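# Structural features, examined
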Amino acid sequence: MHEMSLMESVIDIVCETARKNGASRVKSVRLDVGVLSHVDPEALLFCYEAVRHGTIADGAELEINRIAGEGWCLDCGKTVPLQERFGACPECGRHRVQMTAGDELKIRDMEVI
Ligand SMILES: [Zn+2]
């Protein structure tokens, strides 16, 4: 499951950041997860609970912030909503759309004690 290794890196970064800031515990973590990224939020939560165990982030809440898909249509010359990777432009129906949002998986912020 690739969500497991993703969450392992997230927890690594979170714990390291907390330690660098002299925190003893992590209270909450917020993640930005694009709807077009190939991860399942349910699986992320499940893996998160497994990997945070025994770390200073044990017990920290995880909030997943979904980012909508968006792309730049070269033919229309504007930003359009994107329902799928390499999807067609909803306005002109062509496929010359470059994804600009919806693919992210990053730590938005975190709270430490
Ligand atoms: Zn278009």
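Before reading further, recall that the structure is shown in the block above.
These notes cover the structure that comes with them. The model shown is predicted, which means the values in this text are computed figures rather than measured ones.

Turning to the overall build of the protein chain, a few remarks are in order. A count of helices and strands for the protein chain gives two helices and six strands. Relative to a compact globule of 113 residues, whose C-alpha radius of gyration would be 13 Å, the protein chain shows 17 Å and is clearly more extended. For the protein chain, the spread of C-alpha atoms along the principal axes amounts to about 55 × 30 × 15 Å. Looking at the protein chain as a whole, 35% of its 113 residues qualify as buried. Counted over contacts in the protein chain with a minimum sequence separation of 6, partners at least 24 positions apart contribute 71%.

Spatially, the three strands line up as an open sheet ordered β2-β1-β6, and their pairing is mixed. Of all strands in the sheet, those with a lone pairing partner are β2 (61-67) and β6 (105-112), marking the two edges. Mean inter-strand twist for the sheet, computed between neighbouring axes without regard to direction, equals 20°. Pairing geometry for strand β1 (residues 26-34) and β2, over seven bridges, is parallel. Bridging across to β2, Val-33 finds its partner in Arg-66.

So, about the side chain of Glu-104. Counting through the fold element by element, Glu-104 comes out in the loop between β5 (97-101) and β6. No salt bridge is formed by the buried Glu-104; the nearest opposite charge belongs to Lys-106, separated by 4.9 Å. At 2.6 Å, the side chain of Glu-104 forms a polar contact with the backbone nitrogen of Gly-102.

Further remarks concern the coordination of the zinc ion. Around a metal, the idealised angle for a tetrahedral arrangement of four donor atoms is 109.5 degrees; for an octahedral arrangement of six donor atoms it is 90 or 180 degrees. For the zinc ion, the full set of protein donor atoms is Cys-73 (SG), Cys-76 (SG), Cys-89 (SG) and Cys-92 (SG), and the range of their distances to it is 2.2 to 2.4 Å. What the four donor atoms of the zinc ion show is an angle range of 105 to 113° at the metal, which sorts the shape as tetrahedral. Between consecutive donor residues of the zinc ion, the sequence gaps follow C-x2-C-x12-C-x2-C. Relative accessible area serves as the criterion here: at 3%, Cys-89 is assigned to the buried category.

Side chains of residues three or four places apart in an α-helix project in the same direction, reflecting 3.6 residues per turn. Relative to the 27 Å expected for 19 residues at 1.5 Å per residue, helix α1 (residues 2-20) spans 27 Å between its end C-alpha atoms, a close match to the ideal helical length. Looking at the packing, one finds that the buried side of α1 touches β1, α2 (41-52), β2 and β6. Following α1 by one or two positions, Gly-22 adopts a phi angle in the positive range, close to 70°.

Calculation notes
- Residues numbered from 1 in each chain as written.
- Predicted model: local features only at pLDDT ≥ 70, side-chain atom pairs only at ≥ 80, totals over all residues.
- Heavy atoms only, no water.
- Helix = DSSP H or I, 4+ residues; strand = E, 2+ residues; numbered from the N terminus.
- Rg over C-alpha atoms; globule rule 2.2 N^0.38 Å.
- Buried < 20%, exposed > 50% of the residue type's maximum accessible area, 1.4 Å probe, protein only.
- Contact = heavy atoms within 4.5 Å.
- Pairing = 2+ DSSP bridges.
- Axes fitted to C-alpha atoms, helices over the stretch in contact; angles between N-to-C directions.
- Lys, Arg positive; Asp, Glu negative; His and termini not counted.
- Salt bridge = Lys/Arg side-chain N within 4 Å of Asp/Glu carboxyl O.
- Polar contact = N/O pair within 3.5 Å; in protein donor to acceptor, adjacent residues only side chain to side chain.
- Donors = N, O, S within 2.8 Å, 3.2 Å for Na, K, Ca; no water.
- Tetrahedral: all angles 85-135°; square planar, octahedral: opposite > 155°, others 65-115°.
- Expected span 1.5 Å × (residues − 1).

Function-wise, these values are silent; they only describe arrangement.
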